[in-house]
Amino acid sequence: MISVCLVDDQNLVRQGVRSLLDLAEDIRVVAECADGAQAVQDIPRVKPDVVLLDLRMPNMSGLEVLQALSARNELPPTIILTTFDDDQLVLQGLKAGARGYLLKDVSLEQLVEAVRTVAAGGSLVAPMVTQRLLAGVGRMQNQFTSLEQPDPLTERETEILRLLSGGYSNKEIANSLKVAEGTVKNHVSNILSKLGVRDRTRAVLKALELGIV
C-alpha cells in the first residue's frame, strides 16, 4: 500500500484528489495539510511514501516546504500540483528536490500512475515538460550549481539517462536493458557525478539544459 500526504490550502482540491486516489486499491491518503507550516510538522512524523504538494499557499509556500524538508533530509518523494501559469515556480520546485509535477486537473489514470512511478523511485520530469518549462531551464541555466562542461557520458550512460528522463525506475531500466539492477545503480551514480548534480531529477534537468535528451 502506497501512503500519500496531500498538501493544499484549498479544501476542494484536497477533496478532489483524495476522491480520485480512493479509487486506487494500492494507494491510501494518510494525511492532509492545509498549509506549509503544518506540512513541515506532519510529514516527518507521518512519513508518507509520496507527497502531493501545492506550491502556492499563504504563510509558507510549497517551495519553502521543499527547501525546509530537504535541508533536514526528511523530504519524501514529492509531486508538485500546479497550474499552467506556475512554470518558473515549478522549475524552482524541481531544483529544490521535487520528483515531478502534475496539473491540478489531472485524470485518475495520470494521477495514480504518477504516484506509483514516484513511489517506485522514478520521476515525472521529461514526459510532461512543456516548451515554456524548457525555455525556463535556459533562463535559469546560471543558477545550476553544476559543472559547466561535464565529463562526456558513455553510450550506455546516455541510454540510461534517457530512460531516467522517461520516469523509469532502476528496476524498470534494468529489465529493459537486461542487466542487473546494481549495474544500473552504478551507471546512475556515474551520471550524477559527471553532470555534477545530486539526484535523478536534477540530472534530467541538466540533460535537458545541455540537449542530451
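A short tour of the structure in this document, coming up. Values in this document were obtained by computation on a predicted structure and should not be read as measured data.

### Looking at the pattern of salt bridges
If you walk through the whole model with that rule in mind, you get 10 salt bridges. In this structure, the salt-bridge partner of Glu32 is Arg18, at a minimum N-O distance of 2.4 Å. One end of the pair, Glu32, is in strand S2 (residues 27–33); the other, Arg18, is in helix H1 (residues 11–21), with 14 residues separating them in the sequence. Since its relative accessible area comes to 27%, Glu32 is described here as partly exposed. The partly exposed category is assigned to Arg18, whose relative accessible area is 28%. Through salt bridges with shared partners, a single ionic network connects Asp8, Asp54 and Lys104.

### Points about the sheet that holds S2
In spatial order, the strands read S2-S1-S3-S4-S5; together these 5 strands make up an open sheet with parallel pairing. Two strands bound the open sheet, and with one partner strand each, they are S2 and strand S5 (100–103). Each neighbouring strand pair of the sheet contributes to a mean axis angle of 25°, computed without reference to strand direction. Judged from the 6 bridges that link them, strand S1 (residues 2–7) and S2 form a sheet pairing that is parallel. Of the residues in S2, the one forming a bridge with Ser3 is Arg28. Contacting S1, S2, strand S3 (50–54), strand S4 (78–82) and S5, helix H5 (residues 108–119) crosses the sheet at an angle of about 125° to S3.

### Notes on the packing of helix H7 (residues 155–165) against helix H9 (residues 181–195)
Their axes nearest at 10 Å, the elements H7 and H9 cross at an angle of 95°. One element, H7, and the other, H9, form an angle in the roughly perpendicular class. Residues Arg156, Glu157, Ile160, Leu161 and Leu164 of H7 pack against His187, Val188, Asn190, Ile191, Lys194 and Leu195 of H9. Among the residues forming the contact of H7 with H9, the class breakdown is 6 nonpolar, 2 polar and 3 charged.

About the thresholds
- Each chain has its residues counted from 1, running along the sequence as written.
- Local features in a predicted model are, by the rule used here, given only for residues with pLDDT of at least 70; side-chain atom pairs are given and counted only at 80 or more, and totals for whole chains, interfaces and linings are based on all residues.
- Note that water and hydrogens are dropped before the side-chain values are worked out from all heavy atoms of the structure.
- Each reported salt bridge corresponds to a side-chain nitrogen of Lys or Arg within 4 Å of a carboxyl oxygen of Asp or Glu.
- Here a helix means four or more residues in a row that DSSP labels H or I, a strand means two or more in a row labelled E, and each is numbered from the N terminus.
- Buried residues are those whose accessible area, probed at 1.4 Å on protein chains only, stays under 20% of the maximum for their type, while exposed residues exceed 50% and partly exposed ones sit between those limits.
- Two strands pair under a simple rule: DSSP has to find at least two bridges between them.
- Helix axes are fitted to C-alpha atoms over the stretch in contact, other axes to C-alpha atoms as well, and angles between N-to-C directions run from 0 to 180 degrees.
- In this analysis, two residues are considered to be in contact whenever any of their non-hydrogen atoms come within 4.5 Å of each other.
- To sort the angles, those under 35 degrees are grouped as roughly parallel, those over 145 as roughly antiparallel, those from 65 to 115 as roughly perpendicular, and the leftovers as oblique.
- Under the scheme applied, nonpolar residues are Ala, Val, Leu, Ile, Met, Phe, Trp, Tyr, Cys and Pro; charged residues are Asp, Glu, Lys and Arg; polar residues are all the others, including Gly.

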